[in-house]
Amino acid sequence: MYPAAPLPDTSPAEKGWLAVIAAGLLALLLTAADADTGRQVAWLYAGMGLVSAGTLGWSWLKFGRRPAGVQQDNLWLRSSTSRGSIAWVTGLVLTGFYVLLYWFPEYLERLVRPLDGLSLWLRGQPANQWFLYGTFYTLAILLMGGRALWKYRHSRYQVIRTLSVMFFQTGFAFILPGLLQLFQKPEFYFTYFWPLKYGYLFPNDVNYLLENGQALGVFMVFWGAMMSFLATPVLTYFFGKRWYCSWVCGCGGLAETAGDPYRQLSDKSRQAWRWEVRLIYPIFGAIIIITALLWVNYSWGNNFLGQVGDVAAKWYGFLIGALFSGVVGVGFYPILGNRVWCRFGCPMAAYLGLLQKHFSRFRISTNGGQCISCGNCSNVCEMGIDVKQYAQRGEPIIRASCVGCGMCSTACPRGVLNLENGPREGRYAGSPLIHADSLRILS
């Protein structure tokens, strides 16, 4: 066995920016520990400022001064990106934060209160744990989006896609819902639809929007229904699920930015694929049944099933909406990869995936005659697809799980992979330059 290659030395400048990030994290800890409200505000904004400056400065040194391209050097030698001790500590911290956020928000109060000024300015009301979460979530996408822009600046597709998720998260998932509350309208997220934002088509939520939003509420209900049942199939037919999962969705936006260092950790075994199928489609079926039950019960004056539908909805919200999507989906980034939720639990991904596989024009074509089996494509696939196996055979990739991030194509040194939007005729046809029998040269 050959000894592992030594990691390259971190430059003093990079160490300096990492020290700035560490100082910012320390300031956030001091925010949570300091009982003085005045100092809490100073600590919090100092912490966010230092983390922001350190992340952007380090990203510029790490990627901005290097030649453009996908660098996968030493990913499996670093403790932070190969399930080492740093990765486990990071995962525990993220998981702990989500546990406090969902079930013990009182322990986050000293982080929440310093944001009252920003919340009052944006929403007209004091901050709560969800405003804290939205602030941190949006900041993470913006900062790590900046890192992605430096890292993938050579790819026009990746640059535009990254800017898109940064725009939708900041504008439509953070600023716009706050402004709606400022004008005393129902909080609404226009980039989330049923079945991901399942409550938007539940009877109680629909009634709340209609009663409290007046004409705007009618539009919100119409928007949610139209996007779920009309726009989603049409857009997926033309562009595949990437129009949402990699360009609009906030969950995907965090995965593609903050989760980018962990994309190589996705399990590409057949057993993992079996678990993917066993989990994601039953979850999709469950939310369909729960939604139908709630509406049937509502139409019967809540006398058909009593509280069964509401209880089922609450358990779904606890197990899937909180435990899976938050605690596991984000907290396990450093251990299981950045698309755990999207791959195994998201009902929207299941819905889009079925449309993409059976009714879409989208595919990733492969030119097997030029594949050199380097494995870069498989290594960067966050959805656990062994892309190299398709490329070697010249077979197109038409998988329900593919989110169309395009990283496999971006990482390929030979231009073997190409994201295409049609036509449907010949969609499953392989590359004419190579046949599968040509690969069996040793038989």
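Quick notes on the rules
- Residues numbered from 1 in each chain as written.
- Predicted model: local features only at pLDDT ≥ 70, side-chain atom pairs only at ≥ 80, totals over all residues.
- Heavy atoms only, no water.
- Helix = DSSP H or I, 4+ residues; strand = E, 2+ residues; numbered from the N terminus.
- Buried < 20%, exposed > 50% of the residue type's maximum accessible area, 1.4 Å probe, protein only.
- Lys, Arg positive; Asp, Glu negative; His and termini not counted.
- Salt bridge = Lys/Arg side-chain N within 4 Å of Asp/Glu carboxyl O.
- Polar contact = N/O pair within 3.5 Å; in protein donor to acceptor, adjacent residues only side chain to side chain.
- Axes fitted to C-alpha atoms, helices over the stretch in contact; angles between N-to-C directions.
- Parallel < 35°, antiparallel > 145°, perpendicular 65-115°, else oblique.
- Contact = heavy atoms within 4.5 Å.
- Nonpolar A, V, L, I, M, F, W, Y, C, P; charged D, E, K, R; others polar.
- Phe/Tyr/Trp six-rings, centres within 6.5 Å; stacked < 30°, edge-to-face > 60°.
- Lys NZ or Arg CZ within 6 Å of the ring centre and 35° of its normal.
- Patch = residues over 30% accessible without salt bridge, like charges linked within 9 Å, V, L, I, M, F, W, Y side chains within 5 Å.
- Areas by Shrake-Rupley, 256 points an atom, 1.4 Å probe, with all protein chains shown as cover.
- Core = buried A, V, L, I, M, F, W, Y, C linked by side-chain atoms within 4.5 Å.

What to know about the side chain of Thr31
Mapped onto the elements of the fold, Thr31 is located in helix H1 (residues 12-33). Given a relative accessible area of 0%, Thr31 falls into the buried group.

With respect to the side chain of Arg399
Along the chain, Arg399 turns up in the loop between helix H17 (387-393) and helix H18 (407-411). Although buried, Arg399 forms no salt bridge, and the nearest oppositely charged side chain, Glu276, lies 5.3 Å from it. Within polar-contact distance, the side chain of Arg399 engages the side chain of Tyr390 at 3.1 Å.

Let's talk about unusual backbone geometry
The omega angle of the peptide bond from Trp194 to Pro195 is 10°, so this bond is cis rather than trans. Assignment of secondary structure puts Pro195 in the loop between helix H7 (156-182) and helix H8 (203-239). For the peptide bond that leads from Gly422 to Pro423, omega is 0°, which places it in the cis range. In this fold, Pro423 is placed in the segment after strand S2 (417-420). One non-glycine residue, Gln214, adopts positive backbone phi at about 50°. Considering the arrangement of structural elements, one finds Gln214 in helix H8. One non-glycine residue, Ser373, lies in the positive phi region at around 55°. Positionally, Ser373 belongs in the loop between strand S1 (363-366) and helix H16 (376-380). The class for Ser373 is partly exposed, based on a relative accessible area of 36%.

What to know about the packing of helix H11 (residues 270-299) against helix H15 (residues 347-359)
For the pair H11 and H15, the least separation of the axes is 8 Å and the interaxial angle reads 105°. Regarding the angle of H11 to H15, the classification is roughly perpendicular. From H11, Ile280, Tyr281, Ile283, Phe284 and Ile287 reach across to H15, where they touch Pro347, Ala349, Ala350, Tyr351 and Leu354. Looking at the contact of H11 with H15 residue by residue, the class counts come to 10 nonpolar, no polar and no charged.

A closer look at the packing of aromatic side chains
In total, this model carries 33 aromatic pairs according to the counting rule given. Ring geometry for Tyr98 against Tyr133: centres 5.5 Å apart, planes inclined by 80°, an arrangement best described as edge-to-face. Of this pair, Tyr98 sits in helix H3 (residues 85-103) while Tyr133 sits in helix H6 (residues 129-151); the two residues are 35 residues apart in sequence, bridging distant segments of the chain. Across the pair, Tyr133 and Tyr98 agree in class, each one buried. Three or more aromatic residues joined by ring pairs form one cluster here, namely Phe97, Tyr98, Tyr102, Trp103, Trp130, Tyr133, Phe136, Tyr137, Trp315 and Phe318. Over the face of the ring belonging to Trp60 we find Arg65, whose NZ or CZ atom lies 5.5 Å from the ring centre. Above the plane of the ring of Trp275 lies Arg278, whose end atom (NZ or CZ) is 5.0 Å from the centre.

Describing a nonpolar patch on the surface
Judged by side-chain polarity, Trp103, Phe104, Tyr107, Val311, Trp315, Phe318, Leu319 and Leu323 come together as a nonpolar surface patch covering roughly 780 Å² of accessible area. Among the elements that take part in the nonpolar patch, helix H12 (residues 308-331) stands out by supplying five residues, more than any other. Positionally, Val311 belongs in helix H12. Judged by its relative accessible area of 42%, Val311 falls in the partly exposed class.

Here's the deal with the nonpolar core
By size, the foremost hydrophobic cluster in this structure holds 59 residues, and its most contacted members are Leu196, Tyr244, Met348, Ile364, Val387 and Leu417. If we skip the residues at most four places from it in the chain, Tyr244 touches Thr191, Tyr192, Phe193, Leu196, Cys249, Met348 and Leu352. Membership of the second largest hydrophobic core comes to 28 residues, among which are Met48, Leu115, Ala255 and Tyr333.

Observations regarding the pattern of salt bridges
Tallied over the entire structure, the rule returns 13 salt bridges. Among the ionic pairs, Glu109 bridges to Arg113, the shortest N-O distance being 2.1 Å. According to the relative accessible area criterion, Glu109 is partly exposed, its value standing at 35%. With a shortest N-O distance of 2.8 Å, Glu256 and Arg339 are connected by a salt bridge. One end of the pair, Glu256, is in helix H10 (residues 250-257); the other, Arg339, is in the loop between helix H13 (333-336) and helix H14 (340-344), with 83 residues separating them in the sequence.

Quick look at the environment of Trp121
The topology assignment puts Trp121 in helix H5 (residues 116-123). Sequence spacing of Trp121 and Phe202 is 81 residues, and the spatial spacing of their C-alpha atoms is 31 Å.

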